[in-house]
Amino acid sequence: MICPKCGEKFDYYESCCPWCGAPKPVEERNPAGDVSPSEEKEEDCVTFESPRKFGSAIFTSLCYIGALFMAILGAIIFFAAEGKFSLVGLFFFFGAISIIVDVFYSGNSVCEIKWYKDKFVICTRSDEFTFTFDNDELYKIENDAFGGKIFVFRKNKQCFYVNEHIFPEVVEAMKKVYGISDE
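Residues numbered from 1 in each chain as written. Predicted model: local features only at pLDDT ≥ 70, side-chain atom pairs only at ≥ 80, totals over all residues. Heavy atoms only, no water.

### Things to note about the packing of aromatic side chains
Per the counting criterion, the structure on display carries 11 aromatic pairs. On the basis of an interplanar angle of 50° and a centroid distance of 5.3 Å, the ring pair of Phe131 and Phe153 is categorised as tilted. In this pair, Phe131 sits in strand β4 (residues 128-132) while Phe153 sits in strand β6 (residues 149-155), placing the two residues 22 residues apart along the sequence. Phe131 gets classed as buried once you look at its relative accessible area, which sits at 0%. What links up through ring pairs into an aromatic cluster is the set Trp115, Phe120, Phe129, Phe131, Phe151, Phe153, Phe160 and Tyr178. Here Arg154 stacks its cationic end above the ring of Tyr139, 5.2 Å away from the centre of that ring. (Phe/Tyr/Trp six-rings, centres within 6.5 Å; stacked < 30°, edge-to-face > 60°. Helix = DSSP H or I, 4+ residues; strand = E, 2+ residues; numbered from the N terminus. Buried < 20%, exposed > 50% of the residue type's maximum accessible area, 1.4 Å probe, protein only. Lys NZ or Arg CZ within 6 Å of the ring centre and 35° of its normal.)

Structure (structure tokens):
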């Protein structure tokens, strides 16, 4: 939910904005007393975007082409050069491998999370996956090296990591929904 006073995002289930203290906006109702469908869709969904920027398909293709070029150049330098320059070739070669691995695994990175009252949707660069608040869909909870929580969800043999340092509001809401304490 977005605060009408300060414009900051906050949890839908909180009664007021944690930054400025403004009360949660009251849902406007039509004369029949029901929430209109357009307002219901906007009000029910809060979108949290990752501060990390993920490249498009063109950027991904350029990364693969650049990494392939680096690997070939590294192999040529390693086998053609003698002495100190062979280490430079290895540096290029392993740098290319690390770029390829990084681009491959960033394909399943969580770009945004859409939070609803009874479910949430994890969006990657290529697809969206819907999860309900049932405990059986939470795969596991991990702690990262900096003491933050990581919620791991699994669907269609793919794992999705919701990190507290990237999505702090979502992790706080997940702690409440799944009954996890801050130990």
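### Structural notes on a nonpolar patch on the surface
A grouping of Tyr64, Phe78, Phe79, Leu87, Leu90, Phe93, Phe94, Ile97, Ile100, Val101, Phe104 and Tyr105 is seen on the molecular surface, where their side chains present a nonpolar patch of about 1200 Å² in accessible area. Of all the secondary structure elements, the ones that give two or more residues to the nonpolar patch are α2 (57-80) and α3 (85-105). Structurally, Leu87 can be placed in helix α3. (Patch = residues over 30% accessible without salt bridge, like charges linked within 9 Å, V, L, I, M, F, W, Y side chains within 5 Å. Areas by Shrake-Rupley, 256 points an atom, 1.4 Å probe, with all protein chains shown as cover. Salt bridge = Lys/Arg side-chain N within 4 Å of Asp/Glu carboxyl O.)

### Some points on the environment of Gly66
Secondary-structure assignment places Gly66 in helix α2. In this structure, the C-alpha to C-alpha distance between Gly66 and Ile99, residues 33 residues apart in sequence, is 8.9 Å.

### A few points about the confidence of the model for the protein
In the predicted model, the protein carries a mean pLDDT of 77, and 79% of its residues have values of at least 70. Model confidence for the protein, summarised as mean pLDDT per element, is weakest for helix α1 (residues 37-44) at 52 and strongest for strand β2 (residues 112-115) at 91. Taken as a whole, residues 33-40 scores under 50 in pLDDT and shows 7 contacts with residues more than four places along the chain or in a different chain. (pLDDT = per-residue confidence, 0-100. Contact = heavy atoms within 4.5 Å.)

### Details of the sheet that holds strand β3 (residues 119-123)
What the 4 strands build is an open sheet, ordered β1-β2-β3-β4; its pairing is antiparallel. The strands lining the two open edges of the sheet, one partner per strand, are β1 (46-49) and β4. For this sheet, the mean angle separating the axes of adjacent strands, direction not counted, is 20°. Bridging between β3 and β4 involves 5 bridges; their strand directions are antiparallel. Directly across from Ile122, in β4, lies its bridge partner Phe129. Sheet strands in contact with helix α4 (residues 168-178) are β1, β2, β3 and β4, and its direction is about 45° off that of β2. (Pairing = 2+ DSSP bridges. Axes fitted to C-alpha atoms, helices over the stretch in contact; angles between N-to-C directions.)

### Brief notes about unusual backbone geometry
Even without a glycine there, the phi angle at Asn156 is positive, about 55°. One can find Asn156 in the loop between β6 and β7 (158-163). Taking the relative accessible area as the measure of exposure, Asn156 reaches 60% and is therefore exposed. Positive phi outside glycine occurs at Lys157, with the angle close to 65°. Residue position: Lys157 is located in the loop between β6 and β7. The class for Lys157 is exposed, based on a relative accessible area of 78%.

### Overview of the side chain of Asp144
Residue placement: Asp144 occurs in the loop between β5 (138-143) and β6. Since its relative accessible area comes to 16%, Asp144 is described here as buried. Within the structure, Asp144 has its side chain in polar contact with the backbone nitrogen of Gly148 (distance 2.5 Å). Discounting chain neighbours no more than four positions away, the residues touching Asp144 are Ile150, Asn163 and His165. (Polar contact = N/O pair within 3.5 Å; in protein donor to acceptor, adjacent residues only side chain to side chain.)

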